[in-house]
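# Report on the structure
Chain by chain, the residues:
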Amino acid sequence: MRLGVLCTAALLTLGVGPIAGQDAGTTEVALFTQVGTADEVSGLESSSWGLGGLIGHYFVDNFALEAATGLSFTEDAAPRTGTGKWIPIRGRAIYSFPVRERARPFLGVGAVRNVYTGVVDGGDWGVSGLAGLKLYITESVAFRTDMSYDRVWAPFNEGATVGTETVDRHDNRVVTGGFSFGFGGTARDAGQDGVPHGG
């Protein structure tokens, strides 16, 4: 609730202005906290908290390729016999929609590699979709939040029986919130007039 109020206030008070953080040539670095929801048939605790980061590069305005990873701490769903780590590693393409100067919703698609250690030791591959929003505080610093949805067709425990189900896929979700920072870019002052352009 409080986070939603702060985001709304930021959006209303930041005003409008050119955004260089998504120009062609810009490199984005982000740090975030995350909460992951593992599929109940994975045998892992449904929710887990952690930290993560990403790096991306805008090859043209508003279009980027990025790599993201995180570390979440989890445990057995039942019985709780130990703790472990869940490390999703994602590569994806994203497109940001310039609907407002300082508010940029974005969508992405790519692949995910999940690595599990501790409670279980294994890994699996899947496809990943992404939806999120960036609220720019300055031209190159933004609050960023997003949700990833991962579909894994050959999970690490494929064929196991959980309850009455035979495991043949996992559907995982991860929600993040943090800050992103843009570096470089080719359109910050294209007119050499001291006024940022592009974005």
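Nothing here was measured: the structure is a model prediction, and the numbers come from that model. (Residues numbered from 1 in each chain as written. Predicted model: local features only at pLDDT ≥ 70, side-chain atom pairs only at ≥ 80, totals over all residues. Heavy atoms only, no water.)

So, on to the overall build of the chain. Counting secondary structure elements, the chain contains one helix and 10 strands. Beginning at the N terminus, the succession of helices and strands in the chain can be written as α-β-β-β-β-β-β-β-β-β-β. Relative to all contacts within the chain whose residues are 6 or more apart in sequence, the contacts with residues 24 or more apart total 60%. For the chain, the accessible area works out to roughly 9900 Å², and carbon and sulfur atoms hold 65% of it. (Helix = DSSP H or I, 4+ residues; strand = E, 2+ residues; numbered from the N terminus. Contact = heavy atoms within 4.5 Å. Areas by Shrake-Rupley, 256 points an atom, 1.4 Å probe, with all protein chains shown as cover.)

Within this structure, the stated rule accounts for nine salt bridges. Close ionic contact of Arg-92 with Glu-66 constitutes a salt bridge, the shortest N to O distance being 2.8 Å. Residue Arg-92 is located in strand S4 (residues 83-96), and its partner Glu-66 is located in strand S3 (residues 63-75); the two are separated by 26 residues in the primary sequence. For Arg-92, a relative accessible area of 8% corresponds to the buried category. On the basis of relative accessibility, which here comes to 5%, the residue Glu-66 falls in the buried class. Where Arg-151 meets Asp-171, a salt bridge forms, and the shortest distance between an N and an O atom there is 2.3 Å. Taken together, the residues span a long stretch of sequence, with Arg-151 in strand S7 (residues 141-152) and Asp-171 in strand S10 (residues 170-184) at a distance of 20 residues. Given the relative accessible area of 19%, Arg-151 is considered buried. Look at Asp-171 and you get buried, because its relative accessible area is 13%. A single network of salt bridges, built from pairs that share partners, joins Glu-28, Glu-66, Arg-92, Lys-134, Arg-144 and Asp-146. (Salt bridge = Lys/Arg side-chain N within 4 Å of Asp/Glu carboxyl O. Buried < 20%, exposed > 50% of the residue type's maximum accessible area, 1.4 Å probe, protein only.)

As a further point, take the packing of aromatic side chains. One pair of aromatic rings is described through two measures. These are the centre distance and the angle between the planes. All told, the structure shown has four aromatic pairs when counted by the stated rule. An angle of 80 degrees between the planes, with centres 5.1 Å apart, marks the rings of Tyr-95 and Phe-97 as edge-to-face. Taking 5.9 Å as the distance between ring centres and 75 degrees as the angle between the ring planes, the aromatic pair formed by Phe-143 and Phe-179 counts as edge-to-face. Of the two residues, Phe-143 sits in strand S7 while Phe-179 sits in strand S10, which places them 36 residues apart along the sequence. Clustering of aromatic rings is evident, with ring pairs tying together Trp-86, Tyr-116 and Phe-156. In this arrangement the basic side chain of Lys-134 is found over the ring face of Phe-106, its NZ or CZ atom lying 5.9 Å from the centre. (Phe/Tyr/Trp six-rings, centres within 6.5 Å; stacked < 30°, edge-to-face > 60°. Lys NZ or Arg CZ within 6 Å of the ring centre and 35° of its normal.)

Summarising the element assignment, Ser-96 is placed in strand S4. Among the polar contacts listed, one links the side chain of Ser-96 to the side chain of Gln-22, at a separation of 3.3 Å. Residues in contact with Ser-96, not counting those within four places in the same chain, are Gln-22, Tyr-58, Asn-62, Arg-104, Pro-105, Phe-106 and Lys-134. (Polar contact = N/O pair within 3.5 Å; in protein donor to acceptor, adjacent residues only side chain to side chain.)

This part takes up the confidence of the model for the chain. Taken over all residues, the pLDDT of the chain has a mean of 82, while the share at 70 or more is 79%. In the model of the chain, helix H1 (residues 2-13) stands out as the element of lowest mean pLDDT, 45, in contrast to S7, which has the highest, 96. Scored below 50 in pLDDT, residues 5-18 makes 17 contacts in the model with residues more than four places away or belonging to other chains. A low-confidence stretch, residues 188-199 stays under pLDDT 50, and its non-local contacts, those more than four residues away or across chains, total 26 contacts. (pLDDT = per-residue confidence, 0-100.)

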